Amino acid sequence: MENNKIGFIVNRRGGGGKGGRVWDKLEPTVATRLSKTTWKVEYTQHSGHASDLAGEFVKQGYTIIVAVGGDGTISQVVHGYMLADGCTKGCAVGIISSGTGGDFVRTTKTPRDPVQALDVILSQESSFVDVGHVTCAKVDAPLETNEQYFINICSVGISGAIIKSVESSSIAKYISGGLVYWLYTYLTGFVYRPPPVKYTLSNGVDASQDVTDKEMNLYIMAVANGQYLGGNMHIAPKADIADSKFDVVCLHDLSLADAFFKAAPALKSGDLMRLSSHQAFTQRNATVTMSPKNLETKIYVEADGEVAGILPATWKVVPNGCRMILPSPIGLEK
Ligand SMILES: Nc1ncnc2c1ncn2[C@@H]1O[C@H](COP(=O)(O)OP(=O)(O)OP(=O)(O)O)[C@@H](O)[C@H]1O
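Just so we're clear, the structure is a prediction, and the values are computed from it rather than from any experiment.

About the thresholds
- Residue positions are given per chain, counting from 1 as you read along its sequence in written order.
- Per-residue local features are limited, in this predicted model, to residues with pLDDT of at least 70; the limit for side-chain atom pairs, both in listing and counting, is 80 or more; totals at the level of whole chains, interfaces and linings are taken over all residues.
- These domain limits were set by an automatic method or by a database of domain assignments.
- In this description, any two residues whose backbone-derived C-beta atoms lie within 7 Å of each other are considered to be in contact.
- By the criteria applied, helices consist of DSSP H or I runs no shorter than four residues and strands consist of E runs no shorter than two, each listed in order from the N terminus.
- Residues are grouped as follows: Ala, Val, Leu, Ile, Met, Phe, Trp, Tyr, Cys and Pro are nonpolar; Asp, Glu, Lys and Arg are charged; all remaining types, including Gly, are polar.
- Near, for a residue, is defined by distance from a backbone-placed C-beta atom to a molecule or strand, with 6 Å as the limit that must not be exceeded.
- Buried Ala, Val, Leu, Ile, Met, Phe, Trp, Tyr and Cys residues whose C-beta atoms connect them within 7 Å together make up a nonpolar core.
- With C-beta atoms placed from the backbone, a residue counts as buried when 20 or more other C-beta atoms lie within 10 Å of its own, as exposed when 12 or fewer do, and as partly exposed for counts between those limits.
- To define axes, lines are fitted to C-alpha atoms, for helices over the stretch in contact only, and angles between the resulting N-to-C directions are given on a 0 to 180 degree scale.
- Each angle is binned into one of four classes, with values under 35 degrees roughly parallel, values over 145 roughly antiparallel, values of 65 to 115 roughly perpendicular, and all other values oblique.
- Should the near helix be turned anticlockwise from the far one by less than a right angle, the crossing is left-handed, and should it be turned clockwise, the crossing is right-handed.

### Digging into the domain arrangement of the protein
Thinking step 1. For the protein, the domain assignment lists domain 1 (6-124) and domain 2 (132-319).
Thinking step 2. Distance between the C-alpha centres of domain 1 and domain 2: 26 Å.
Thinking step 3. Counting residues at the interface gives 15 residues for domain 1, matched by 19 residues for domain 2.
Thinking step 4. Taken together, the elements giving at least two residues each to the side of domain 1 that touches domain 2 come down to helix H1 (14-33), helix H3 (71-83) and helix H4 (103-108).
Thinking step 5. Looking at the side of domain 1 that touches domain 2 residue by residue, the classes come out as 4 nonpolar, 8 polar and 3 charged.

Written as structure tokens, this is what we have:
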């Protein structure tokens, strides 16, 4: 630990202000446990800033970057780390969770208590974990592409529509984070009509097992590195962040009644057996592509809880792309 330089990136706004409160309580402990010259804190000033700060820390030779925030902050830190080639440069990412949903730390079992999470960062070796990469069309310029790394889940379909409606809402900022997502999930659930899409799935090893040029009416596709989505939905219970593959979970061709009474409980519990094989499947894949059948339809892609763009999109896994400090890599559910 003596030779480490630790950069903390704090989103004070994460979790509706919880990020600031958590850091203010934790900072004296950090100052006690680390010598002054070995750590530095930076506060995010705007959306996306965490990526720039992570890139700067990598360039300055920091060996550990700690994301203090929610899934969005963790994701942006990993994005900046990947762009700056943090893994090759021997840098690792640590997490102090202080957001609203906290889906990624459910998979990694990172302690919610900030002091315990700091203990993990200061006492454990880093392990290699996979990172996802998505290339999709930009929302307002569909002929241009947006590229983004993600660490937890990138999904498309109703989830993208929910996130888009929350991000566009003028009243969302007046309602607490958890309630906003609950409200917009139900509102979107009533109006969402699964659009037809074309897709290809490849395991990256044996082309004879690839699924190519298939079609479905898309309810949701989760390209999962982690297991949880949308604040505790156990959508990909067998996803493993260190298996060099995504778990691709698809729900499709559902009636409104099936969506409410079968799909919603199945997504919550991770038990897709409630649905027929014509309505749901899970595959372990390395590359996924998807495009709308009708190119005029905007189908939103969300990555780690924020809109990344619209279809068409391509997902690729980056095996062992990130060094991460985890409580116990063996503790991951298989
Ligand atoms: N200074 C800032 N002003 C406004 N937004 C910010 C600022 N700093 C970060 N953000 C944005 O805040 C958003 C939410 O942050 P974060 O993910 O940490 O918390 P959360 O959404 O409450 O938690 P979760 O993603 O776990 O539900 C991110 O999109 C981030 O870019």
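### Considering the site of the ligand
Thinking step 1. The environment of the ligand is formed by 23 residues, the closest being Gly 14, Gly 69, Gly 70, Gly 72 and Gly 99.
Thinking step 2. Of all the secondary structure elements, the ones that give two or more residues to the shell around the ligand are H1 and H3.
Thinking step 3. Among the elements that take part in the shell around the ligand, H3 stands out by supplying 4 residues, more than any other.
Thinking step 4. Across the shell around the ligand, the residue classes break down as no nonpolar, 20 polar and 3 charged.
Thinking step 5. Inspection of the shell around the ligand shows a minimum of three residues originating in each of domain 1 (6-124) and domain 2 (132-319).

### With respect to the nonpolar core
Thinking step 1. Counting residues in each nonpolar core, the largest one holds 101 residues, and the members touching the most others are Ile 9, Ile 65, Tyr 81 and Val 301.
Thinking step 2. A per-element tally of this core places strand S14 (residues 306-325) first, with 9 residues.
Thinking step 3. Two domains each donate at least three residues to this core, and these are domain 1 (6-124) and domain 2 (132-319).
Thinking step 4. Apart from residues no more than four positions distant in its own chain, Ile 65 is found in contact with Gly 7, Ile 9, Ala 54, Phe 57, Val 77, Tyr 81, Cys 91 and Val 93.

### Quick notes on the packing of helix H2 (residues 49-59) against H3
Helix-helix packing is described using two parameters, namely the angle between the two axes and the distance between the axes.
Thinking step 1. Packing of H2 against H3 brings their axes to within 7 Å, and their N-to-C directions diverge by 45°. Classified by the angle between their axes, H2 and H3 sit oblique to one another. With respect to the hand of their crossing, H2 and H3 are arranged in right-handed fashion. Between H2, through Ala 50, Ser 51, Asp 52, Leu 53, Ala 54, Gly 55 and Val 58, and H3, the contact on the second element is made entirely by Thr 73, Gln 76, Val 77, His 79, Gly 80, Tyr 81 and Leu 83.
Thinking step 2. Grouping the constituent residues of the contact of H2 with H3 by class yields 7 nonpolar, 6 polar and 1 charged.

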